[in-house]
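The residues making up each chain are set out below.
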Amino acid sequence: MSIANTNAAPQTTAGPREATPAPQPSGNPRKKGTRSTLLLVAGLLLAAFAAWGCMQFAFASDADDRVAVITDGEGETQRIPLSQDGMYTIETKLGQNIVEVANGQASMASADCPGHDCIDQGAISGSGEIIVCLPHKLIVSIEGGESAAVDSMAS
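Calculation criteria
- Residue positions are given per chain, counted from 1 along the sequence in the order it is written.
- Reporting in this predicted model follows two pLDDT cut-offs: at least 70 for local features of residues, and 80 or more for side-chain atom pairs to be given and counted; totals over whole chains, interfaces and linings ignore these cut-offs and use all residues.
- Think of the side-chain values as coming from all heavy atoms in the structure, minus any hydrogens and water.
- Numbered from the N terminus, helices here are DSSP runs of H or I no shorter than four residues, and strands are runs of E no shorter than two.
- Relative accessibility thresholds used throughout: buried, under 20% of the residue-type maximum; exposed, over 50%; partly exposed, between the two (1.4 Å probe, protein chains only).
- Here the rule is simple: two strands pair whenever DSSP picks up at least two bridges between them.
- Note on method: axes are straight lines fitted to C-alpha atoms, helices fitted across the in-contact stretch only, with angles between N-to-C directions ranging 0 to 180 degrees.

1. A look at the side chain of Ser141
Within the element layout of this structure, Ser141 appears in strand E7 (residues 138-143). Classification of Ser141 as buried rests on a relative accessible area of 15%.

2. Overview of the sheet that holds strand E1 (residues 67-71)
The strand order across the open sheet formed by four strands is E2-E1-E7-E6, and the pairing between neighbours is antiparallel. Since the sheet does not close on itself, it has two edges, and those belong to strand E2 (77-81) and strand E6 (130-133), each with one partner. For this sheet, the mean inter-axis angle between neighbouring strands, taken without regard to orientation, is 15°. The pairing of E6 with E7 spans four bridges and is classified as antiparallel. Each residue of the ladder has a partner; that of Val132, found in E7, is Ile139.

Here's what the structure looks like:
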């Protein structure tokens, strides 16, 4: 004997369901991240290069305003612009010194004094910096530039 449920909803048989593929992202996600990273790095390098160029321009223009002032023990003074590269021989009764001006800096290239402490002091370029040769009573100092204007306003 078979019992049929007449109250049950009729069953419908549908055909096989079609499987829809999951949406795929366009392109490789790593490539997109790499591309934005490369653009960021390139932008930072460009900004750094621009800042470096501005600094070079600023320091080069500042070198034109500064001078090396060479004063000997007899009170004689010689002024040399830091933009004028060269070797300058200073002879006094006490001895001979050679001051070198190059790339906006002044240094004692040679001296016939004992000890050569003036040579060891290195190059100077900022306003107010000095090199002293005590045996020859010779002073090389830097004047001018932006810091001199600030110092005179602060005084």
